[in-house]
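Spelled out from the first residue to the last, the chains are:
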Amino acid sequence: MACDPKITNRLKRAEGQIRGILKMMDDDKSCQETMVQLMAVRSSLDKVMGLVVAENIRHCLNENGNVSNDKIEEALKMIAKL
C-alpha cells in the first residue's frame, strides 16, 4: 500500500506522543496527565485508521470504476472495527 505523506506524518506525530508518554511515566507524572496524552494518541490513531480505509475505498473506486460487493463489505468491516 502506498502511503500518503499526510498519513505518514500523522503516524510520526503519534510515535512522538508515545515517546512523550513513556518519558512522562519515567518522570512520575500524574495518571491524569498521562491519560490525556494516551487519549490523544488513541484519537490520532483512530483518525489514521479512518484515512487508510477511505484511501482504500478511493483506490478501489478509481481502479475500475465499479466496486464489487466483497470490496464494499471488506471496507465496511474495517470501518466497523474503528
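This text goes with the structure placed above it.
Since we're looking at a predicted model, the values are computed, not measured.

Basis of the calculations
- Residues numbered from 1 in each chain as written.
- Predicted model: local features only at pLDDT ≥ 70, side-chain atom pairs only at ≥ 80, totals over all residues.
- Heavy atoms only, no water.
- Patch = residues over 30% accessible without salt bridge, like charges linked within 9 Å, V, L, I, M, F, W, Y side chains within 5 Å.
- Areas by Shrake-Rupley, 256 points an atom, 1.4 Å probe, with all protein chains shown as cover.
- Salt bridge = Lys/Arg side-chain N within 4 Å of Asp/Glu carboxyl O.
- Helix = DSSP H or I, 4+ residues; strand = E, 2+ residues; numbered from the N terminus.
- Expected span 1.5 Å × (residues − 1).
- Buried < 20%, exposed > 50% of the residue type's maximum accessible area, 1.4 Å probe, protein only.
- Arc of directions from axis to C-beta.

Colleague: Even after reading the chapter, I still don't get a nonpolar patch on the surface, so can you show me in this structure?
Modeller: On the surface, Ile 57, Leu 61, Ile 72, Leu 76 and Ile 79 cluster together into a nonpolar patch covering about 390 Å² of accessible area. Broken down by element, the nonpolar patch gets its largest block of residues, three residues, from helix H3 (residues 69–81). Tracing the chain through its elements places Leu 76 in helix H3.

Colleague: Help me out: how do you make sense of helix H1 (residues 5–26) in this one?
Modeller: Owing to its 3.6 residues per turn, the α-helix brings residues three or four apart onto one side. Between its terminal C-alpha atoms H1 stretches 32 Å, which fits the 32 Å expected from 22 residues at 1.5 Å a residue. Of the positions making up H1, those classed as buried are Ile 7, Ala 14, Ile 21 and Met 24. With its buried residues spanning 90 degrees around the axis, H1 presents them on a single face. Every exposed residue of H1 that faces more than 90 degrees away from the buried side is listed here: Pro 5, Lys 12, Arg 19, Lys 23 and Asp 26. Positioned one or two residues after H1, Asp 28 has a phi angle of 55 degrees, which is positive.

Colleague: Hey, could you run me through the pattern of salt bridges in this one?
Modeller: Oppositely charged side chains can pair when the atoms bearing their charge come close. Counting across every chain of the model gives two salt bridges. Residue Arg 19 pairs with Glu 15 through a salt bridge whose shortest N-O separation is 3.0 Å. Of this pair, Arg 19 and Glu 15 both sit in helix H1, four residues apart, which is roughly one turn of that helix. Since its relative accessible area comes to 56%, Arg 19 is described here as exposed. Salt-bridge contacts for Lys 23 lead to Asp 27; the nearest nitrogen and oxygen are separated by 2.8 Å. Since its relative accessible area comes to 41%, Asp 27 is described here as partly exposed.

Read these as spatial facts, not as claims about activity.
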